[in-house]
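Residue strings, one per chain:
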Amino acid sequence: MRAFEYLSASSVREAVEALAARNGRARVLAGGTDLIVQLREGRREVDLVVDIKAIPEANRLEFDLQTGLLVGAAVPCYRMVGFLNAAGIYPGLAAAAGLVGGTQIQGRATLGGNLCNASPAADTIPALIVHRAACLITGPQGERELPAEDFCTGPGQTALQPGEFLLALRLPPEPEGFGAHYVRFTPRNEMDIAVAGAGASLRLAGSPARIIEARVALGAVAPTPLLVREAGASLVGKAPTLEAFEEAGRLAREAARPIDDMRGTAAQRRHLSGVLVRRALETAYQRASRGGDA
Amino acid sequence: MNEKETYRVIGTRPLRPDGADKVTGRALYGADLRLPGMLYGAVLRSPHAHARILSIDTSAAEALPGVKAVVTAADLPDVEAKVASLGEGSVNTRYQSWNILAREKALYYGHAVAVVAAASVHIAQEAVKLIRVNYEVLPPVLDVLQAMQADAPILLRDLRTDELGEKGSALTNVAAHHQTKKGDVERGFQEAAVTVEREFHTATVHQGYIEPQNATALYNQDGRITIWCSTQGSFGVRDQLKDILDVPVAQIKVVPMEIGGGFGGKNNVYLEPLAALLSKKSGHKPVRLTMNHADVLSATGPTSGSVIRVKMGARKDGRITAAQAWLAYEAGAFPGSPVTSGMGVIFGPYAIENVLLDGYDVVVNKPPAAAYRAPGGTNAAFAAEVVIDELAEKLGMDPLDLRLLNAAKEGDRKADGVAYGRIGCVEVLEAARNHPHYRAPLPGKFRGRGVAAGSWGNYGGKSSASASVNSDGSVNLVEGSVDIGGSRASISMQLAETLQIPVESIRPQVADTDTVGYTEGTYGSRTTFATGWAVYELGRRLIGLLCERAAQLWDVEPGQVTYEGGVFSCGGQRLSFAELAGKMDETGGAVVASVSVQPETWGPAFAAHIVDVEVDPETGKVDILRYTAVQDVGKAVHPAYVEGQIQGGVAQGVGWGLSEGYYYDAQGRLANASLLDYRMPTSLDLPAIETVIVEVPNPGHPYGVRGVGEVPIVPPPAAIANAIYRAVGVRLTTLPMSPARVLEALGKA
């Protein structure tokens, strides 16, 4: 492993200046569960590592019924998942974030880091997408917001410009009748990467209930996590039935652009896309009909 | 005589002597070693599966500050081709040298090409990047059937087929064709009412030990070489080094450190010769080399992927009339797959009149195969036991009844002509059939129960041990057997049994090659059998010496002194073991003894496994609901460690069956060289594995011991395949039976 400089930034400005000065040869460290492994294994080389854990804004974890959830990019999963579970909010996000590594990794890994690592198979990104999460990005030109589905641009590639970093994620409040979930398929029950993953959210209204909003997202079946708009759109206006969920799964299967690799085959991933979307929708629906506390 | 009741130590479950050090982290492994002035190494590995090495330029690496030595194949002696025995297999010294460092060709992704020693491992890693190798990339051959084609790219410039003992003339990738024949299979198939014939494919899999290979060497100015390493056999390391480095054996001392798993994969040397050469070249500094898991998976011994065709026929009454198998095993880059041992296992549990076995040892562009727990046996049993399951189905017979009807007994001859002695095959199958698991209902959809049997020949080999009696009645035991699976305990227990003293009185120590007599490695399920036999002899010798001391004290003839129940006596005189030990000073000083044995009467082991699975037909995932492993162990010296061996073998067999396998890309690069993507089962993927110990004592051992460590890995993939068939109605014939393969078999993907 090559030697590199380390900076623990104490303010957003200090981090932005340090990152901008290195013109792409610097990398942000939050939990480090991806970055440190990549550096050790020679898969990534940097001159400077900027630790954002001492930046107050990156450690915010707040919930407000009007504005929703704000998760700083340095908040470890264990803290966020504990916060969500204690408050009984965003169970679909908690389900996804709880899958990131074992107990020790949960103590370090962050939602922001999982997003910025931009793995096509990241477990939390489809969940962020179906929750309509916004990425709060800061940089030399100030702050900007980007929908989660637009953040990843390729495997390991993001929309961040030189000098920019992800400061926090904001999720809108879960409206009445809303439910979301994320499921993945792994051959092993733990210590594995999704062969395919699916996030789904829906919102019910009326009696008998109809779906008035829905989102479907896939992981590990394309170069980036995928928002499948047509699958979500197919659900709107329909009753929450197995047939409707299966039709959304069929559309998701068609939208998948999977490959063969050491973790699975393209045919398997395509097939799983449909199965997992239906399963995610079934749980999302249960949550929606129970008022989101499941 | 009911021997069970006469044992005082054997059959109990004492704490292991190395337990405290292991659970506190105090036990010393190779990576814990720190020597003054130590240098650290890094290895340059081939990024190509098959390439001619046109040139290697190490000048930039040598010029990097902190670099102390760079070694390439040019630094290794060009040794003669000669075949050396290595326990369960044999190695050709020349090929082994070519494997240590690629000489003319890199033959697999990860093949070591050069190695650097530097003041820190980081400098060494940077220096490796500065080495310029000019490769002529050649097409790789990764598939055993492709490698056997006449027009396949040729790996080795001197390989000609050994065709049943005759050398062929053409260059080839087929190193050998072996054949075993008994009776007349054509006639046997004519007598059959039903026949089943299928082709099976199994993936290349790794032993999966968690401690990576490591070696530290000090090549002294006077020519003496000391090696500290993680190995199953310190004397085997010494033998290999002597040949590869071409130095006298007396110059080499091998110190075995604690070992974090081996499963057959830590018999061969990889880093040891490199560390020795770097030490010599760097000015006689100690040099440590350590692999990471990517190195371990891409460059140390996997076991062979294989293609196996099996045909079996049976009469209406279930009697198997003929069995034929064609087995092609990947050897990796150099000859030496375990195909012949697979041929020994394939129909091992059965007495069959007519058998024909053809086995092929085939080189491909993968790391050379090393032994892995019952080498070659799991592949073979997978094929045979699935075919037997199908025979039972066609005959309308219970699959265990069919196996029992054909089970091998004492006096039955295997296809290779060797007659079985007293074996427990029938007892094991009966115990499985009578087990509550086999009779329990299995309600629910997509669930099925499968069974499979397995055999393993076991081994004896050379073992030495010495001991000295302490004045308090304790005994220091020095053995040469590396302790992988609790053998300090099982060996100490056999000595304690012989000496009729508590096992806590035995202080075992695993010694280096300068300290103890020649001892083969801990492989072939031989250690508790053979080293156990050595300490049995050692105990008897110590008792004889102590009888002489008692005779001296009592002024009688040694033959008049008896030893029973831990007490020496003659007439009315009595002294306990400890009391007599306290009188050593007045009877001539220390009581010490050394023994070396080479017992030949090892007994084969048999196993029968029962497994319940549930298949998710939407994802292809197979969950194991319940697992029972029945095994004849001869005599369980330490039942807890016997159970542990059985459970460990099952766990590895489940991985082999469901999720493990090398994944090479089209260029022959190993894409899953990590413990994340090489999917061994975790504790969450396995149920509690129930074990049933059957004890049919081996008459060829003083305590009835049979090897227990290997046979439990033989039946699992077959048992699981048979269970999947009963759950969802499809026969899986390719390993691993991954979710993707199950979906494919179900027509879903």
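Calculation criteria
Residues numbered from 1 in each chain as written. Chains lettered and ligands numbered in written order. Predicted model: local features only at pLDDT ≥ 70, side-chain atom pairs only at ≥ 80, totals over all residues. Heavy atoms only, no water. Helix = DSSP H or I, 4+ residues; strand = E, 2+ residues; numbered from the N terminus. Buried < 20%, exposed > 50% of the residue type's maximum accessible area, 1.4 Å probe, protein only. Contact = heavy atoms within 4.5 Å. Pairing = 2+ DSSP bridges. Axes fitted to C-alpha atoms, helices over the stretch in contact; angles between N-to-C directions. Domains from an automatic or database assignment. Buried area = accessible area lost by both parts, 1.4 Å probe. Salt bridge = Lys/Arg side-chain N within 4 Å of Asp/Glu carboxyl O. Expected span 1.5 Å × (residues − 1).

K.L.:
Where do I start with the side chain of aspartate 192 of chain A in this structure?
P.N.:
Examined against the element boundaries, aspartate 192 of chain A turns out to sit in the loop between β11 (178-185) and β12 (196-205). On the basis of relative accessible area, aspartate 192 of chain A is assigned to the buried category, the value being 7%. Excluding residues within four positions of it along the chain, aspartate 192 of chain A makes contact with Arg184, Thr186 and Pro187 of chain A together with Leu676 and Arg679 of chain B.

K.L.:
Whenever I open this one, the sheet that holds strand β3 (residues 67-72) of chain B confuses me. Can you help?
P.N.:
Pairing between the strands of a sheet comes from backbone hydrogen bonds, and it takes one of two forms, parallel or antiparallel. Residues and elements named next belong to chain B. Pairing in this open sheet of seven strands is mixed, and the strands run β3-β7-β1-β17-β14-β15-β16 from one edge to the other. Either end of the sheet is taken by a strand with one partner, and the two such strands are β3 and β16 (252-256). Neighbour-to-neighbour, the strand axes of this sheet turn through a mean angle of 20°, independent of strand direction. When strand β14 (residues 214-219) meets strand β17 (residues 287-290), the two strands line up antiparallel, connected through four bridges. Paired with asparagine 214 across the two strands is threonine 290, which belongs to β17. Against the sheet, helix α5 (residues 121-129) contacts β1 (39-45), β3 and β7 (112-118), and its axis sits at roughly 25° relative to β1. Strand contacts of helix α8 (residues 234-245): β15 (225-229) and β16, with the helix running at about 145° to β16, the strand carrying the most contacts.

K.L.:
What is the right way to look at the domain arrangement of chain A in this model?
P.N.:
Much of the literature gives interface size as the accessible area that the parts lose upon coming together. Residue and element names in this part refer to chain A. Entries for chain A in the domain assignment read domain 1 (5-51), domain 2 (56-171) and domain 3 (178-289). Listed by partner, the interface residues are 14 residues for domain 1 and 19 residues for domain 2. Buried surface at the junction of domain 1 and domain 2, both sides included, amounts to about 1,100 Å², of which 64% is carbon and sulfur. Counting the surface domain 1 buries against domain 2, the share from its top three residues, Val12, Val16 and Thr33, is 37%. On inspection of domain 1 and its partner domain 2, the count reaches zero salt bridges.

K.L.:
Explanation requested: the pattern of salt bridges in the structure shown.
P.N.:
Between side chains of opposite charge, a pair can form when the charged atoms approach closely. Per the stated rule, a full pass over the model turns up 58 salt bridges over all chains. Across the salt bridge formed by aspartate 18 of chain B and arginine 16 of chain B, the nearest N and O atoms sit 3.2 Å from each other. Linking aspartate 389 of chain B and arginine 731 of chain B is a salt bridge whose minimum nitrogen-to-oxygen distance equals 3.0 Å. On the criterion of sequence distance, the pair formed by aspartate 389 of chain B in helix α12 (residues 377-395) and arginine 731 of chain B in the loop between α20 (716-728) and α21 (739-745) is long-range, its members being 342 residues apart. Across the pair, exposure class does not vary: aspartate 389 of chain B and arginine 731 of chain B are buried alike. Overlapping salt bridges bring together Arg2, Arg25, Glu45 and Asp47 of chain A together with Glu126 and Lys129 of chain B as one network.

K.L.:
How should I be thinking about α20 of chain B in this particular structure?
P.N.:
Every α-helix winds through 3.6 residues per turn, so residues three or four apart in the chain are directed the same way. All names here are of chain B. Compared with the 18 Å implied by 1.5 Å per residue over 13 residues, the 18 Å span of α20 between its first and last C-alpha is a close match. Among the 13 residues of α20, twelve are classified as buried, and the element is accordingly described as predominantly covered. Phi turns positive one or two residues past the end of α20, at glycine 729, with a value near 80°.

K.L.:
Is there a simple way to explain unusual backbone geometry in this structure?
P.N.:
For residues other than glycine, phi is negative in most cases, and the peptide bonds are mostly trans. Residue proline 208 of chain A is bonded to the preceding serine 207 of chain A through a cis peptide linkage, with omega at 0°. Here the residue pair leucine 735 of chain B and proline 736 of chain B is connected by a cis peptide bond, since its omega of -5° sits within 30 degrees of zero. Inspection of the secondary structure assignment puts proline 736 of chain B in the loop between α20 and α21. Notably, methionine 191 of chain A is not glycine yet its phi reads approximately 50°, a positive angle. Relative to the elements of secondary structure, methionine 191 of chain A occurs in the loop between β11 and β12. Look at methionine 191 of chain A and you get partly exposed, because its relative accessible area is 41%. Positive phi is not limited to glycine here, since arginine 373 of chain B has a value of about 20°. With respect to the helices and strands, the residue arginine 373 of chain B is situated in the loop between β21 (354-363) and α12.

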